[in-house]
Amino acid sequence: MNATTLKALADSRGLNQSEIAQLAGVSRQRVSQWFQTRLTGALVNLHSRNLKALADGLKVSVDELLMPLPLLEDPPKAQRETVKLLWDRLYPDLTSFAIDVGRGRSQALARLVEVYGLYAAARMAGNSVWKNFPKYSKYIPPVRRKELEVLWKLKMNPTNA
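Please read all numbers here as calculations on a predicted model, not as lab measurements.

A. Layout of the overall build of the chain. Within the chain, the secondary structure is distributed over 12 helices and zero strands. Taken from N to C terminus, the helices and strands of the chain fall in the order α-α-α-α-α-α-α-α-α-α-α-α. Taken along the three principal axes of its C-alpha coordinates, the chain extends 60 × 30 × 20 Å. Looking at the chain residue by residue over its 161 residues, the buried ones come to 34%. Pairs at least 24 residues apart make up 51% of the contacts formed inside the chain by residues separated by at least 6 positions. Accessible surface, the chain: about 9700 Å² in total, of which carbon and sulfur atoms supply 53%.

B. Layout of the nonpolar core. Residues Phe-97, Val-113, Leu-118, Val-129, Phe-133, Tyr-136 and Ile-140 are the most contacted members of the largest nonpolar core, which totals 22 residues. Mapped onto this core, the elements with two or more residues apiece are helix 6 (75-85), helix 7 (94-102), helix 8 (106-116), helix 9 (118-125), helix 10 (128-131), helix 11 (133-136) and helix 12 (142-156). With residues near it in sequence (within four places) discarded, Val-129 still touches Leu-109, Val-113, Leu-118, Ala-121, Ala-122 and Tyr-136. Residues Leu-6, Leu-9, Phe-35 and Val-44 belong to the second largest nonpolar core, which totals 18 residues.

C. Here's a closer look at the environment of Gly-102. Among the structural elements, Gly-102 can be located in helix 7. By relative accessible area, Gly-102 is classed as exposed at 68%. Distance from Gly-102 to Leu-15, taken between C-alpha atoms, is 16 Å for residues 87 residues apart in sequence.

D. Main features of a nonpolar patch on the surface. A contiguous nonpolar patch, built from Tyr-119, Val-150, Leu-151 and Leu-154 and spanning about 350 Å² of accessible area, is present on the exposed surface. A per-element tally of the nonpolar patch places helix 12 first, with three residues. Relative to the elements of secondary structure, Leu-154 occurs in helix 12.

Scoring rules and cut-offs
Residues numbered from 1 in each chain as written. Predicted model: local features only at pLDDT ≥ 70, side-chain atom pairs only at ≥ 80, totals over all residues. Heavy atoms only, no water. Helix = DSSP H or I, 4+ residues; strand = E, 2+ residues; numbered from the N terminus. Buried < 20%, exposed > 50% of the residue type's maximum accessible area, 1.4 Å probe, protein only. Contact = heavy atoms within 4.5 Å. Areas by Shrake-Rupley, 256 points an atom, 1.4 Å probe, with all protein chains shown as cover. Core = buried A, V, L, I, M, F, W, Y, C linked by side-chain atoms within 4.5 Å. Patch = residues over 30% accessible without salt bridge, like charges linked within 9 Å, V, L, I, M, F, W, Y side chains within 5 Å. Salt bridge = Lys/Arg side-chain N within 4 Å of Asp/Glu carboxyl O.

This is the structure:
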């Protein structure tokens, strides 16, 4: 199993090590060892029944637990994205940022749109980028916000262009 992937899934669901252990049918200390393994990049070895129980508990496929998360497994790329997205330390890491984007949190969506633009951000985060633009746009710097408002208006009402 890929411990980095497991940690990201646990964080996204707000699960602690004890809850992960309960889902997998192992001790909390074992889960702690898994997360320490994550720092070395090694894969975690566990019985197939525990892997299946964990996947079922997290409502993901076993394959998803085995696969690395592309951005987090490529340190140079992760570093570049961290510089672009988290230059002000708004979030402690890319995983936390991605979780908040997925949850539709205003500041995370604003940063994603500020950096990548409306169209690319919508491909990454879905229609909430367009739908919630008026709500989160106040977090985008004024000059960039004005540029994006023009695009947003064109997208939302193309007949008035």
